[in-house]
Amino acid sequence: MPKIKSLTAREILDSRGWPTLEAEIILDNGLKARASVPGVSPVSVYEAVELRDGDKKRYQGLGVLKAITKINEVIAPALADIDILKQAEIDKKLIELDGTENKSNLGVNTILAVSLVCARAGAAINNQELFEYLGETFSLINPGMPTPIFNIFNGGRHADTNLDFEEFLIIPKKAGASEMVQEGADIFHALGDELKNSGYDTDTGVEGGYAPDLDSSIEAIELMLAASIRAGYNPGKDLWLGVDVGSSILFEENTKRYVFPLDNAYFTSDTLIGLYDSWFKKYPIIYLEDGLAEDDWKKWHDLTAELGKDIMIVGDDLFATNINRLRKGIQEQAANSLVIKLNQVGTLTEAVECVKLANKHNYRVIVSSRSSETNDDFIVDFAVAVRADYLKAGSLSRGERISKYNRLIEIDNILKRNGK
């Protein structure tokens, strides 16, 4: 029974240049494994809480030395006698050690780093691919390849641009991973040419998508369609479009209105649903993420009832990978799709439980990276293990994005070799 000889952590930098955690585990047989977690990101108020130092003399208070101390002095001794292959038991111990609803004692970043590194070590002990180990550990059905969703334009909180929406997305129709990644890359580079020809710059945002100042949100969609055709793909036939509105930051609590500065427009929940309906009738859009604010439950129900038969109504801030929020969504018939972000919840066990509940109620599952990332590709194996419908890892530039798409291609090749 392999046990933990040492469990330590160190402070590294994420893709925004802010501190995050990398955990390292050494087992008593000498095996080593590492895992890192996403760093500072815009968060829903319903996400679990990160542990940060608060020392303004270091990284503007965002250091993670306290989290490192928690791993070294609290978590490592508590896990010393647990079999590394008992992931559920490890995760249960982490939850008990924290003892809070929102992980505010140990910190979700602290807990997740340990949960991930233990799973990676377990896979290595068993001489298995990580996705195989996760599937076996959590009694999941056979692995399956998710369709990648590419973030082509960055806006909102994800870029220094005037775009109101956080993400404008390309969704290839199902094919092999290599072909889908090529399609995304072809369109990404064609969009760069379209922007240059239109007199726009080709700067990119934090997830690698283009971030120019445009005249309207519709112009972004039209440019994506033109880029798709330039690259040799037929919108509606070879690919679909999607948008992540990030509505919670556009919602004014005092007026109960959604404010779109770029389009100089104001919407109530009802008129905003009407706007979406008009767009989806005109453009090949099948994906709407966070179309309403995270506490607008009744209108989420109305949005799903009106548009959910034809498109994916996706909850990210709405659910925050929180199983109780998902239960409420099921009861309210709000949304039909769920974003899973591991650092919204803390342990692999909790994330898998959320996926299983979503599957039971026919919600589509999108496993997603964060805007602040590392080169760790763990979420790709997780997405394959849980047979997620989609994988969102950003655009087709920046190393922390490409590392995940490269792993997706690698896993696809592994499954093909194994006849799956």
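Note that the structure is predicted; figures quoted are calculated from it, not measured.

### Some thoughts on empty space enclosed by the protein
Inspection of the entire model under this criterion finds two cavities of 30 Å³ or more. Looking at the second largest cavity, its volume works out to about 120 Å³. Considering the residues around the second largest cavity, the lining is formed by 16 residues, among which Pro 38, Leu 116, Leu 342, Glu 373 and Ile 379 are closest to the centre. Looking at side-chain class alone, the lining of the second largest cavity contains six nonpolar, five polar and five charged residues.

### Points about the pairing of strand β5 (residues 167-172)
For β5, the tally of buried residues reaches six of six residues, placing the bulk of the element in the interior. Judged by which residues are buried, β5 turns out to be covered on both faces: Glu 167, Leu 169 and Ile 171 on one side and Phe 168, Ile 170 and Pro 172 on the other are all buried. Inspection of the sheet shows strand β4 (residues 147-154) paired to β5 by four bridges, in the antiparallel sense. From the neighbouring strand, Phe 153 faces β5, where its bridge partner is Phe 168. Looking at chain direction, β5 and strand β6 (residues 239-244) are connected through six bridges and run antiparallel. Note on β6: the bridge partner recorded for Pro 172 is Leu 239.

### Here we look at the nonpolar core
Core analysis: the largest hydrophobic core is formed by 129 residues, its most contacted members being Leu 7, Ile 25, Phe 153, Ile 340, Leu 342, Val 367 and Phe 382. Broken down by element, the residue count for this core peaks at 10 residues, all from helix α3 (residues 108-125). When residues no more than four places from it in sequence are discounted, the contact partners of Ile 25 are Ile 4, Ser 6, Leu 7, Leu 31, Lys 32, Ala 33, Ile 84, Val 117, Cys 118 and Ala 121. By size, the runner-up hydrophobic cluster in this structure holds 10 residues, among which are Ile 149, Ile 171, Met 312 and Tyr 390.

### Side note on the sheet that holds strand β8 (residues 257-260)
If you walk across this open sheet you meet the three strands as β7-β8-β9, and the pairing is antiparallel. Looking at the sheet topology across the chains shown, the edges are occupied by β7 (251-252) and β9 (265-267). Note: β8 against β9, three bridges, orientation antiparallel. For Tyr 258, the partnering residue across the bridge sits in β9 and is Phe 267.

### Thoughts on the layout of surface pockets
In this structure, the largest pocket spans a volume of roughly 400 Å³. Taken together, 20 residues line the largest pocket, and the ones lying closest to its centre are Glu 101, Lys 103, Asn 322, Val 345 and Glu 350. Where the lining of the largest pocket is concerned, the elements lending two or more residues are α9 (323-332) and α10 (348-360). If you tally residues by element for the lining of the largest pocket, the top one is α9, at three residues.

### Regarding the sheet that holds strand β2 (residues 19-27)
Spatial ordering of the open sheet is given by β1-β2-β3, a layout of three strands whose pairing is antiparallel. Each end of this open sheet is capped by a strand with a single partner; those strands are β1 (4-13) and β3 (32-36). Direction aside, neighbouring strands of the sheet carry axes that sit 20 degrees apart on average. Pairing of β2 with β3 involves five bridges; the strand directions are antiparallel. Residue pairing across strands places Glu 22 opposite Ser 36, the latter belonging to β3. Its contacts with the sheet place helix α1 (residues 65-79) against β1 and β2, and it is angled at close to 165 degrees to β1.

### Points about the packing of helix α4 (residues 130-137) against helix α11 (residues 378-385)
Put simply, α4 and α11 touch, their axes get as near as 8 Å, and they point 50 degrees apart. If you check the angle between α4 and α11, you find them oblique. Our pair here, α4 against α11, has a crossing hand that is right-handed. On the side of α4, the interface is formed by Leu 130, Phe 131, Leu 134 and Gly 135, while α11 contributes Phe 378, Asp 381, Phe 382, Val 384 and Ala 385. A per-class count over the contact of α4 with α11 returns seven nonpolar, one polar and one charged.

### Quick word on the packing of α1 against helix α2 (residues 87-98)
Where α1 contacts α2, the two axes come as close as 10 Å, and the packing angle between them is 140 degrees. Regarding the angle of α1 to α2, the classification is oblique. Considering the relative orientation of α1 and α2, their crossing is right-handed. Side by side, α1 and α2 meet where Val 74, Ile 75, Ala 78 and Leu 79 of the first sit next to Ile 90, Lys 93, Leu 94 and Leu 97 of the second. Grouping the constituent residues of the contact of α1 with α2 by class yields seven nonpolar, no polar and one charged.

### Section: a negative patch on the surface
A cluster of acidic residues, Asp 160, Asp 201, Asp 203 and Asp 213, forms a negative patch on the protein surface. With respect to the secondary-structure elements, Asp 160 resides in the loop between β4 and β5.

### Here's the deal with the side chain of Asn 109
Structurally, the position occupied by Asn 109 is in helix α3. With a relative accessible area of 3%, Asn 109 lands in the buried category.

### Overview of the pattern of salt bridges
Within this structure, the stated rule accounts for 29 salt bridges. In this structure, the salt-bridge partner of Arg 58 is Glu 11, at a minimum N-O distance of 2.6 Å. With a gap of 47 residues between them, Arg 58 in the loop between β3 and α1 and Glu 11 in strand β1 connect regions that are remote in the sequence. For Arg 58, a relative accessible area of 26% gives the class partly exposed. You can call Glu 11 partly exposed: its relative accessible area is 21%. Asp 270 is the partner of Lys 299 in a salt bridge, and the nearest nitrogen-oxygen pair spans 2.9 Å.

Rules used in this analysis
Residues numbered from 1 in each chain as written. Predicted model: local features only at pLDDT ≥ 70, side-chain atom pairs only at ≥ 80, totals over all residues. Heavy atoms only, no water. 1 Å grid on protein atoms, 1.4 Å probe; cavity = no way out; pocket = protein on both sides within 12 Å on 5 of 7 lines; lining within 4 Å. Points joined across faces, edges and corners; volume = space filled by probe spheres on them. Nonpolar A, V, L, I, M, F, W, Y, C, P; charged D, E, K, R; others polar. Buried < 20%, exposed > 50% of the residue type's maximum accessible area, 1.4 Å probe, protein only. Helix = DSSP H or I, 4+ residues; strand = E, 2+ residues; numbered from the N terminus. Pairing = 2+ DSSP bridges. Core = buried A, V, L, I, M, F, W, Y, C linked by side-chain atoms within 4.5 Å. Contact = heavy atoms within 4.5 Å. Axes fitted to C-alpha atoms, helices over the stretch in contact; angles between N-to-C directions. Parallel < 35°, antiparallel > 145°, perpendicular 65-115°, else oblique. Left-handed = near helix turned anticlockwise from the far one by under 90°. Patch = residues over 30% accessible without salt bridge, like charges linked within 9 Å, V, L, I, M, F, W, Y side chains within 5 Å. Areas by Shrake-Rupley, 256 points an atom, 1.4 Å probe, with all protein chains shown as cover. Salt bridge = Lys/Arg side-chain N within 4 Å of Asp/Glu carboxyl O. Lys, Arg positive; Asp, Glu negative; His and termini not counted. Charge placed at Lys NZ, Arg CZ, Asp CG, Glu CD.

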